Amino acid sequence: MSPSQEFPTSDDRRAIAKPRGLQTHYTVGSLDPVYHAKAKILNDALQEIDMGRFQWYLFIAAGFGWTADELMLMVKALIYTSITREFDVQGEWIIFAHAIGRLFGAIFWCVGCDVWGRRWSFHLTILITSVFSLIAAAAPNNTVLCICIAMWSFGVGGNIPIDLTIFIEFVPTSHRYMLTVLCVWWSLGDLVGSLLAWPLISNFSCPPAPAPCSASSNKGWRYCLLASGGLIMVMWAIRLFAFDLPESPVYLMSRGRDKDAVAVVQKVATINGKISNLTLAHLKQAEILAGDSEVQSDAEMVKSTSAMRKFSEFHASHVRPLFATRVMTHSTSILIVLWALIGLATSLYFNFQTYFLQTRGAAHGIHSLSAVFRDQVISIFLHIPAALMAGYLVEVPIIGRRRTLAIFTVITGVFALLSTTASTYDAFNGWNCGLTYSCVIVCGVLYAMSMELFPIKARGTGYVIAFTAYCICNVGASIIAIYANINTSLPILISGAVLVLSGFIALLLPIEPRGNASIEK
């Protein structure tokens, strides 16, 4: 930012905004117009600083959370068979523990970050994940293991929402597309999980059934948890000690700490080698936007508005924009249904994929766990071209986001259904690779499309609602597993059918976001 450049004065902003009912500075109908005016000033300051060293450091630090999320999801699936053999259980409660922990974690951390701040949540989520994965490695029975899985999943549930919140509040508007690029860390988590499990589980696990399985001959899954937990602990240490993350300026401002918010913006500018002209006076002037008779002091603003945001995050005024018109009601409802159904289907498939792959391999003469994990790694390498293909297809005019999502959701379901007909191990692995490729496209498009379709003023609330629906259906997947016979292909058949149905439901979305910067209804 140029040293001579100044932000518009409050009089300038008032003259521009008032004819339009202040719509340029805060959400119409908001509980707190001062908050939105100040947030706009902070966002403008970060935009002037631009993308720099601080944001790239944050990209890596936030990426650790995404990697930890997917790493523990992958590890849980990869050690599933070893655990069921050693403890002589079917393992449905393992899936349930993960799903219920992740659900409560998502809700707790999303609300909690507005109570005690983003910074501590940013550090605590990944620390909890690491600690309980290390403890799980010493679990003496299935009950203790399930408790540990629920606790590490409680930490995992907050990783992505908190990392996204912090990233959005520090990254300039012009680089918000980096939110989608963060998904590359998911692929890294998949790859690391498979590479850890490949040598550890394949070399330190029980022989295939019906041979007996003692704890002394089945230490591979414990080694895998130790390695994963240790790696995540290193990520936590780097986050805490190598990257000095300040508190979010938007959060500080919402608590009436305007001076601290300005100091954080100045710190970011210094790290990026830039100069910021943002001063405390700019934020004080913004209070005029509330109207001459409604100007509040910092203390009053904290009591009357920050407290309401803290304890009423899901107040009707936060949800109402998602259903403001008939079209938005239709769009939001379909999105929530898609998140729920795709969450159910993908959880069913990937939770039982490795188990089914191993048992199918044994049935056809493939007894090597090393071969199973080798093929798992090969399928994960397909994530990168799949992501590139998704980025291309959503910009093709005749296809766009909606048809890309619909087509590849159906294709993913078809691959799942066909995988159950495979008569050889190699055939099943081929269908699995195809499904992995198409599923990456589905998840990438669904996430990006949701961010575009949810109105800006309710995007965070929309994400929490959709993700909660996703987690609830993860719990539903474990319940299906409890009552279904997982020794058959039934969970995968259900997964395929739900995905095909979801593909047709995606066509019911009333809005094609391609070519629209945002949806504001």
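Residues numbered from 1 in each chain as written. Predicted model: local features only at pLDDT ≥ 70, side-chain atom pairs only at ≥ 80, totals over all residues. Heavy atoms only, no water.

Student: It is not clear to me how the overall build of the protein chain should be interpreted in this structure. Could you clarify?
Tutor: Counting secondary structure elements, the protein chain contains 22 helices and 0 strands. For the protein chain, with 521 residues in total, the buried portion stands at 56%. Here the analysis covers contacts within the protein chain between residues at least 6 apart in sequence; of these, 82% occur between residues at least 24 apart. Carbon and sulfur atoms form 67% of the exposed surface of the protein chain, whose accessible area is close to 20500 Å². (Helix = DSSP H or I, 4+ residues; strand = E, 2+ residues; numbered from the N terminus. Buried < 20%, exposed > 50% of the residue type's maximum accessible area, 1.4 Å probe, protein only. Contact = heavy atoms within 4.5 Å. Areas by Shrake-Rupley, 256 points an atom, 1.4 Å probe, with all protein chains shown as cover.)

Student: Is there a simple way to think about the packing of helix α3 (residues 53-78) against helix α9 (residues 184-203) in this case?
Tutor: The relative placement of two packed helices comes down to the angle between their axes together with the axis-to-axis distance. Between α3 and α9, whose axes approach to 7 Å, the crossing angle comes to 45°. Our classification of the angle between α3 and α9 gives oblique. In the packing of α3 onto α9, the handedness of the crossing is right-handed. Taking contact as the criterion, the partners of F59, I60, G63, F64, W66, T67, D69, E70, L71, M74, V75 and L78 in α3 are, on α9, W185, W186, L188, G189, D190, V192, G193, S194, A197 and I201. In terms of residue class, the contact of α3 with α9 is built from 14 nonpolar, 5 polar and 3 charged. (Axes fitted to C-alpha atoms, helices over the stretch in contact; angles between N-to-C directions. Parallel < 35°, antiparallel > 145°, perpendicular 65-115°, else oblique. Left-handed = near helix turned anticlockwise from the far one by under 90°. Nonpolar A, V, L, I, M, F, W, Y, C, P; charged D, E, K, R; others polar.)

Student: Mind showing me how you'd approach the pattern of salt bridges here?
Tutor: Going through the model one piece at a time under the given rule, you end up with 8 salt bridges. A salt bridge links D258 to K38; the shortest N-O distance between them is 2.6 Å. Of the two residues, D258 is situated in helix α12 (residues 258-271) and K38 in helix α2 (residues 33-49); the sequence distance between them amounts to 220 residues. Given the relative accessible area of 1%, D258 is considered buried. (Salt bridge = Lys/Arg side-chain N within 4 Å of Asp/Glu carboxyl O.)

Student: What am I meant to see in helix α18 (residues 383-393) here?
Tutor: Every α-helix carries 3.6 residues per turn, so stepping three or four residues along brings you back to the same face. When we look at burial in α18, the residues that qualify are H383, A386, A390 and L393. Considered in projection along α18, the buried side chains sweep an arc of 90° and stay on one side of the axis. Exposed residues lying more than 90 degrees from the buried face of α18 are I384, L388 and Y392. (Arc of directions from axis to C-beta.)

Student: Hey, could you run me through the confidence of the model for the protein chain in this one?
Tutor: Detailed reading of predicted coordinates is not advised where the pLDDT is low. Across the protein chain, pLDDT averages 78, with 78% of residues at or above 70. By mean pLDDT, the top-scoring element of the protein chain is helix α10 (residues 220-242) (94), and the lowest-scoring one is helix α1 (residues 10-17) (39). In the predicted structure, residues 1-6 sits below a pLDDT of 50 and forms 14 contacts with residues beyond four places in sequence or in another chain. Counting interchain partners and residues more than four positions distant, the pLDDT-below-50 stretch residues 8-31 has 36 contacts. (pLDDT = per-residue confidence, 0-100.)

Student: Before we go on, may I ask you to explain the environment of I147 in this structure?
Tutor: Position of I147 relative to the elements: it lies in helix α7 (residues 142-170). For I147 and A136, which are 11 residues apart along the polypeptide, the C-alpha to C-alpha distance reads 8.5 Å.

Student: Just checking my understanding: could you explain the state of the cysteines for this structure?
Tutor: Simply put, disulfide is the name for a covalent bond between the sulfur atoms of two cysteines. The final tally for this structure, using the stated rule, is 1 disulfide. Here C148 stays unpaired: no disulfide links it, and the sulfur of C146, its closest cysteine neighbor, is 9.4 Å away. The exposure class assigned to C148 is buried, which follows from its relative accessible area of 5%. The cysteine C443 is free of any disulfide, with C439 supplying the nearest cysteine sulfur at 4.1 Å. (Disulfide = S-S within 2.5 Å.)

Student: Please explain the side chain of E169 as it appears in this structure.
Tutor: Tracing the sequence through the fold places E169 in helix α7. Residue class for E169 comes out buried when judged on its relative accessible area of 10%. A distance of 2.8 Å separates a polar atom in the side chain of E169 from a polar atom in the side chain of R118. Not counting residues within four places of it along the chain, the set of residues in contact with E169 comprises L46, R118, S248, P249 and V250. (Polar contact = N/O pair within 3.5 Å; in protein donor to acceptor, adjacent residues only side chain to side chain.)

Student: I would appreciate a short explanation of unusual backbone geometry in the present structure.
Tutor: Glycine aside, the phi torsion of most residues is negative, and most peptide linkages are trans. Unlike most non-glycine residues, D50 shows phi in positive territory, near 75°. On the basis of relative accessibility, which here comes to 28%, the residue D50 falls in the partly exposed class. In this model, D88 sits at a positive phi of 55°, which is unusual for a non-glycine residue. Considering the arrangement of structural elements, one finds D88 in the loop between α4 (80-87) and α5 (92-112).

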